[in-house]
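Listed below, chain by chain, are the residues.
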Amino acid sequence: MREGDEDRIGNWQDAIRTFDIAPALRNQADLNTLISFYRARLGPTYSFRLTDPLDYTASFQYIGTGNGSQNEFPLAKWYTSGLPGDARNTIRPITLPNAPVIIYWNGVEQGPEIYDVDYTTGLIYFLSPVPNGVGVTWSGTFQVPVSFVTNRMYASIEMYQKFGADIVLQEMRAPVHQNIMGESEPQDFDEVLFPPEYSDRSQSGPAFEIVIIAGSSGIEEHLPQFVSPKISFNVSMDIRTVAEMELFLNFFHARRGKLIGFLAKDLTDYAVEDEFIAIGNSITTQFQLIKTYTDGAYEEVRNITKPAFPIQVKVNGVDITGTLTIDFTTGFIYFPSPPSGNITWTGEFHIPVRFNTDEMDVTIEGAEVRSWGNIELVEIPVDTPIITIVAP
């Protein structure tokens, strides 16, 4: 692997949800009820149902297409952001639906007399096979199977009362009955832009990783881990509507936490004007877009791997953009013939990033208000062709 490269491996196909119920405890009566419920479950021994107020509804969710012989379909929910260019989706099995579950064939509601619902597994059983080519969807609400995490509830309550510590429930894994065709295959990166409107209250900037070794005399040795800094973001999702958080929930699901990268716009540094690229030597035909940061005699050159459409390229001040091939996924420009002279470019650019968390930590502020503060995004390296530029 090259410097800074990451190997991201997803251990689970779907997320495991956790819930902190401590903020809902308002008085001693609530604590007594919680203790009684905990004892009846024998601590973490037995699981139970919980409604996730952030995500408990499904509307016209696809669960399969009839083939003339299949009469059993598992309920599922799809997550996709619906943003321009975002074809990524992920599927969540729904094992604890609430009654009623409404079934549709090609968008037409079907009467409950033609199917049965197993409300303990989320399986739909049709009394006869679904006709060939008929799309099956469903609508309804659902719950999550959870259990207590702790074996020591009294200690957890004491820590909550003294320090405001969490009292955590965790989702239980249920068997997946079958694959629903159509889920996106995992890959390292999606060319989709993080919603810019969610970046309006973000903090961002370059982050260097330097190891400092201090000798017994106090003299320090500074060891950079990367040649160039990585950009990091801290995005605030404070005080958002349910609809806004729903879009963000889908985006996070589709990226599978840290697993899949995406594009972000750094509002503090996202554009160049007549930025120098290189001096054409009448030999080289491909060049990497760059941005140079200058402080006195010091220069740092940054590769721009994700330019935003459109950009303008000039040679000796003359716009020649229309003659070029531009790769907006790597930041390389390709000339039909070797240029000679100063090559510059003007335009905006994005940054390849990923979430730096696998857990979506949303707080329910009220019936129509959600928040998630301190969402960290970190820059990730992008594979680009390695080229050799011949000196003039």
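Anything mentioned here points back to the structure above.
Here is a short report on the structure shown in this document.

Digging into the pattern of salt bridges
Argument step 1. Tallied over the full model, the rule gives eight salt bridges.
Argument step 2. Where D190 meets R255, a salt bridge forms, and the shortest distance between an N and an O atom there is 2.9 Å. Note that D190 is positioned in strand 14 (residues 189-193) and R255 in helix 3 (residues 242-255), a separation of 65 residues in sequence. Across the pair, R255 and D190 agree in class, each one buried.
Argument step 3. Measuring nitrogen to oxygen at the nearest pair gives 2.4 Å for the salt bridge that ties D269 to K291. Of this pair, D269 sits in the loop between strand 20 (261-264) and strand 21 (271-281) while K291 is found in strand 23 (residues 290-295), placing the two residues 22 residues apart along the sequence.
Argument step 4. Its relative accessible area of 14% is what places D269 among the buried residues.

A few points about a nonpolar patch on the surface
Argument step 1. Nonpolar side chains collect at one region of the surface, where F208, I210 and I212 lie side by side and expose about 300 Å² of accessible area between them.
Argument step 2. Residue position: F208 is located in the loop between strand 15 (202-207) and strand 16 (210-214).
Argument step 3. The exposure class of F208 is exposed, given its relative accessible area of 51%.

Some points on the pairing of strand 5 (residues 76-79)
Argument step 1. Here strand 5 shows a buried face lined by A76 and W78 and a second buried face lined by K77 and Y79.
Argument step 2. Bridging between strand 5 and strand 6 (residues 90-93) involves four bridges; their strand directions are antiparallel. The partner of Y79 across the bridge, within strand 6, is T90.

Scoring rules and cut-offs
- The residue count restarts for each chain, going from 1 along the sequence in the order it is written.
- Owing to the predicted nature of the model, reporting of local features is limited to residues with pLDDT of at least 70; listing and counting of side-chain atom pairs is limited to 80 or more, with chain, interface and lining totals taken over all residues.
- Hydrogens are left out, water is left out, and the side-chain values use all remaining heavy atoms of the structure.
- Whenever a carboxyl oxygen of Asp or Glu lies within 4 Å of a side-chain nitrogen of Lys or Arg, that contact is scored as a salt bridge.
- Helical segments are the DSSP runs of H or I of at least four residues, strand segments are the runs of E of at least two, and each set is numbered from the N terminus.
- Any residue under 20% of the maximum accessible area for its type is buried, any over 50% is exposed, and the rest in between are partly exposed; the area is computed with a 1.4 Å probe on protein chains only.
- By definition, no residue in a patch forms a salt bridge, and every one has over 30% relative accessible area; like charges are joined within 9 Å, nonpolar side chains (Val, Leu, Ile, Met, Phe, Trp, Tyr) within 5 Å.
- Reported accessibility uses the Shrake-Rupley method at a 1.4 Å probe radius. Residues are deemed covered only where the shown protein chains occlude them.
- By definition, two strands form a pair when at least two bridges between them are found by DSSP.

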